[in-house]
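As a plain string of letters, each chain reads:
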Amino acid sequence: MLQQLATYCIRHPALVHHDFHYNRLCVVRATVILHNCCDACLTVYISTAYSPHKSTAESLPMSSGQALQHIENMALDEFSWCGPSLMSLRLAARETAEVQMRACIVHPGVFNLSGFTVTASPESILSSVKLRSGRTTSSGREENVCPKNPIMQLAIPPSILIVQNTL
C-alpha cells in the first residue's frame, strides 16, 4: 500500500548532444526535488538499485495522453546512475530539498530517468539506534542509510532524456 508522505520530481535536460567518438561516457546531471508532505520529520531514501520502470516503458503507469502512449509502446535504452545506490536525507516538516544525481550513458538513445524508487519513514517509526554512513549532505546533515519499514512513495511519470551523437 502506498502512502504519500513525500512528493518528488526529477529535472534534467530533455536533449543532450554528445560526441561518443571523442568520449565514450556521457554524464548527464539530474536534480531530484523532494518535498515532505507531513507535519512531522521524515527520513527519505532514494534507491537507484531497483527501478520500478526498468528499461522498457510497458511497465509505466497508463496515461490518457497520446505522447505517453507512444512512449509506452517503445523500448527505452538502459543507463547507470553514478554514485551510491542508496541515498537518504532528513526532511523537516513541509521542507523541500534537492539531491544531485548523475546518469552515465554509453551510447545515443532515449532514456527514462525516472527509474528509481523513493521511500520514506516518519521519524516516529525509525529505530532509536541507527547505523550512520558518516557522509553528510550538501546542507551539512548526516545521511542515514539504515531504513526501518520505509513506505514506498508513488512513482513519478516517465522523464525522458534523448541523447544524440554529435559528429
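For the structure, see preceding data.
Let me sum up the structure you'll find in this document. Per chain, the residues get numbers from 1 upward, laid out in the order the sequence is written. With pLDDT at 70 or above as the cut-off, local features in this predicted model cover only qualifying residues; side-chain atom pairs require 80 or more to be listed or tallied, and sums for whole chains, interfaces and linings still use all residues. No hydrogens and no water enter the side-chain calculation; it runs on all heavy atoms of the structure.

### Things to note about the overall build of the chain
Thought 1: For helices the rule is a DSSP run of H or I covering at least 4 residues; for strands it is a run of E covering at least 2, with both sets numbered from the N terminus onward. Each helix and strand in the chain was counted, giving one helix and 13 strands.
Thought 2: Going residue by residue from the N terminus, the α and β elements of the chain occur as β-β-β-β-α-β-β-β-β-β-β-β-β-β.
Thought 3: The burial tally for the chain puts 41% of its 167 residues in the buried class. When accessible area is computed with a 1.4 Å probe and restricted to protein chains, residues below 20% of their type maximum are described as buried, those above 50% as exposed, and intermediate ones as partly exposed.

### Here's the deal with the sheet that holds strand β12 (residues 151-152)
Thought 1: Pairing is antiparallel across the open sheet formed by four strands, whose spatial order is β6-β4-β9-β12. Of all strands in the sheet, those bounded by a partner on one side alone are β6 (86-91) and β12.
Thought 2: What makes two strands pair is DSSP finding at least two bridges between them. Across two bridges, the pairing between strand β9 (residues 117-122) and β12 is antiparallel. Residue pairing across strands places Ala120 opposite Ile151, the latter belonging to β12.

### Focus on the sheet that holds strand β3 (residues 26-36)
Thought 1: The four strands lie next to each other as β1-β3-β7-β5, forming an open sheet whose pairing is antiparallel. Since the sheet does not close on itself, it has two edges, and those belong to β1 (6-11) and β5 (80-82), each with one partner. Neighbouring strand axes in the sheet, compared pairwise and without regard to direction, differ in orientation by 35 degrees on average.
Thought 2: Of the pairings in the sheet, the one linking β3 to strand β7 (residues 96-105) comprises 10 bridges and is antiparallel in character. Opposite Ala30, over in β7, you have Met101 as the bridge partner. Interaxial angles span 0 to 180 degrees and are taken between N-to-C directions of axes, which are lines fitted to C-alpha atoms, for helices over the stretch in contact.

### So, the state of the cysteines
Thought 1: Cysteine sulfur atoms are paired as a disulfide whenever they come within 2.5 Å of each other. Taken as a whole and judged by the stated rule, the model has one disulfide.
Thought 2: Sulfur-sulfur distance for the disulfide between Cys82 and Cys104 comes to 1.9 Å. In this structure, the disulfide formed by Cys82 and Cys104 twists by about 50 degrees around the S-S bond and is classed as right-handed. Here Cys82 is found in strand β5, whereas its partner Cys104 is found in strand β7, with 22 residues between them in sequence.
Thought 3: The class of Cys104 is buried, set by a relative accessible area of 15%.
Thought 4: Of all cysteine sulfurs, the one in Cys38 lies closest to Cys37, which takes part in no disulfide; the gap is 6.5 Å.
Thought 5: Residue class for Cys37 comes out partly exposed when judged on its relative accessible area of 24%.
Thought 6: Given a relative accessible area of 16%, Cys38 falls into the buried group.

### Side note on the packing of aromatic side chains
Thought 1: Note on aromatic pairs: the rings of Phe, Tyr and Trp (six-membered ring only in Trp) are paired at centre separations within 6.5 Å, and the planes decide the class, stacked below 30 degrees, edge-to-face beyond 60, tilted for the rest. In this structure the tally under the stated criterion is four aromatic pairs.
Thought 2: Where Phe79 meets Phe111, the ring centres are 6.3 Å apart and the plane angle is 85 degrees; that geometry is what we call edge-to-face. Pair noted here: Phe79 is in the loop between α1 (66-72) and β5 and Phe111 is in strand β8 (residues 109-112), with a separation of 32 residues, a long-range link.
Thought 3: Ring geometry for Trp81 versus Phe116: centroids 6.2 Å apart, planes at 85 degrees, classification edge-to-face. Remark: Phe116 occurs in the loop between β8 and β9 and Trp81 occurs in strand β5; sequence separation between them is 35 residues.

### Points about the side chain of Gln153
Thought 1: With respect to the element layout, Gln153 can be found in the loop between β12 and β13 (160-165).
Thought 2: In the analysis that follows, any N or O atom pair within 3.5 Å is treated as a polar contact, provided that within protein one partner can donate a hydrogen and the other can accept it, and provided that, for residues neighboring in sequence, both atoms belong to side chains. Among the polar contacts made by the side chain of Gln153, one reaches the main-chain amide nitrogen of Ala6 at a distance of 2.9 Å.

What is shown is where atoms sit, not what they do.
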